[in-house]
Amino acid sequence: ETGVTQTPRHLVMGMTNKKSLKCEQHLGHNAMYWYKQSAKKPLELMFVYNFKEQTENNSVPSRFSPECPNSSHLFLHLHTLQPEDSALYLCASSREGDEQFFGPGTRLTVL
Amino acid sequence: EDQVTQSPEALRLQEGESSSLNCSYTVSGLRGLFWYRQDPGKGPEFLFTLYSAGEEKEKERLKATLTKKESFLHITAPKPEDSATYLCAVAGTASKLTFGTGTRLQVTL
């Protein structure tokens, strides 16, 4: 595997479900990011981790819970989501301050 | 607060018809301006980083330029495979990226 991978690529869940998104980077980067992309809106930064430490939480609702066990892996735990949370969730990684490289995204649909 | 505005929102070109996409920005302490290409249902693909006014970078049919207020992505003799959404982002003193809403480019035969 090369670059940034994300699983699953597609996810449909009910509002009462709990699910997790996974991201793995194979680039030796120290920073990892979660973004939300909705139609007609700019990419919205959710969380930033640097050397496994969370350095930014962009006022994200607590129904989204990130986890970064090491510099290569990042998770986004989801519970009791709302239909308006349906979007493309993108993971990215970078060396601090440099350009970010993105994964293919997880298309999430909340029913 | 950093801001990025991209225009036009959508652009339709015929194959071989050159044009430019615009990215206007305001940022406190520019650390870099980034261009990405995004195909439908996929993550953004990194194209260029520009660091200071006057800098230019090229890749195949694409050329990115930077001034103190805006950046242009020039597309020379585009082909249908250049069809995508092109995203611009800036990193200021806070280092985090602020993205524009993108320009959706369609190149037809």
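Data block above holds the structure.
A quick note: this is a predicted structure, and the numbers were derived from the prediction, not measured.

Peer 1: Just to check I follow, could you spell out unusual backbone geometry for this structure?
Peer 2: Glycine aside, negative phi is the norm for most residues, and most peptide bonds take the trans geometry. Omega for the bond connecting Thr7(A) with Pro8(A) falls within 30 degrees of zero, at -10°, which places this linkage in the cis form. Turning to its location among the elements, Pro8(A) is positioned in the loop between strand 1 (4-7) and strand 2 (10-13). Residue Pro8(B) follows Ser7(B) across a cis peptide bond; omega there is -10°.

Peer 1: Can you walk me through the sheet that holds strand 3 (residues 18-25) of chain A in this structure?
Peer 2: Backbone-to-backbone hydrogen bonds pair the strands of a sheet. The strands run either parallel or antiparallel. All names here are of chain A. If you walk across this open sheet you meet the four strands as 1-3-8-7, and the pairing is antiparallel. The open sheet has two edge strands, strand 1 and strand 7 (64-70), and neither has a second partner. Across this sheet, the average inter-strand angle for adjacent strands is 20°, counted without regard to direction. The pairing of strand 7 with strand 8 (residues 73-79) spans five bridges and is antiparallel. Paired with Asn-70 across the bridge in strand 8 is His-73.

Peer 1: In this structure, what is going on with the interface of chain A and chain B? I would like to understand it.
Peer 2: Each partner contributes to the interface: chain A provides 20 residues, whereas chain B provides 18 residues. With both sides pooled, the region where chain A packs onto chain B buries about 1,400 Å², and carbon together with sulfur makes up 56% of that total. Our enumeration of links across chain A and chain B arrives at two salt bridges. Our enumeration of links across chain A and chain B arrives at six residue pairs in polar contact (both at pLDDT 80 or more). Mapped onto the side of chain A that touches chain B, the elements with two or more residues apiece are strand 4 (31-37), strand 9 (87-94) and strand 10 (101-102) of chain A.

Peer 1: Can you walk me through the pattern of salt bridges in this structure?
Peer 2: Scanning the entire structure with this criterion turns up eight salt bridges over all chains. Between Asp98(A) and Arg95(A) there is a salt bridge whose closest N-O contact spans 3.3 Å. A salt bridge links Asp39(B) to Arg37(B), with the nearest nitrogen and oxygen atoms 3.0 Å apart. For the pair Asp39(B) and Arg37(B), one class covers both residues: buried.

Peer 1: What is the right way to read the state of the cysteines from this model?
Peer 2: Throughout this description, disulfide means a covalent bond between two cysteine sulfur atoms. This structure, assessed with the given rule, holds two disulfides over all chains. Across the disulfide, Cys23(A) is cross-linked to Cys91(A) (sulfur-sulfur distance 1.9 Å). What sets the handedness of the Cys23(A) and Cys91(A) disulfide is the S-S torsion sign, and at about -70° it is left-handed. You can see Cys23(A) sitting in strand 3 and its partner Cys91(A) sitting in strand 9, a full 68 residues away along the chain. You can call Cys91(A) buried: its relative accessible area is 0%. Put simply, Cys23(B) and Cys88(B) are joined by a disulfide, and their sulfur atoms are 1.9 Å apart. Looking down the S-S bond of the Cys23(B) and Cys88(B) bridge, the torsion is -65°, so its handedness is left-handed. Of this pair, Cys23(B) sits in strand 3 (residues 19-26) while Cys88(B) sits in strand 9 (residues 84-91), placing them 65 residues apart in sequence. An identical accessibility class is assigned to Cys23(B) and Cys88(B); each is buried.

About the cut-offs
- Residues numbered from 1 in each chain as written.
- Chains lettered and ligands numbered in written order.
- Predicted model: local features only at pLDDT ≥ 70, side-chain atom pairs only at ≥ 80, totals over all residues.
- Heavy atoms only, no water.
- Helix = DSSP H or I, 4+ residues; strand = E, 2+ residues; numbered from the N terminus.
- Pairing = 2+ DSSP bridges.
- Axes fitted to C-alpha atoms, helices over the stretch in contact; angles between N-to-C directions.
- Contact = heavy atoms within 4.5 Å.
- Buried area = accessible area lost by both parts, 1.4 Å probe.
- Salt bridge = Lys/Arg side-chain N within 4 Å of Asp/Glu carboxyl O.
- Polar contact = N/O pair within 3.5 Å; in protein donor to acceptor, adjacent residues only side chain to side chain.
- Buried < 20%, exposed > 50% of the residue type's maximum accessible area, 1.4 Å probe, protein only.
- Disulfide = S-S within 2.5 Å.

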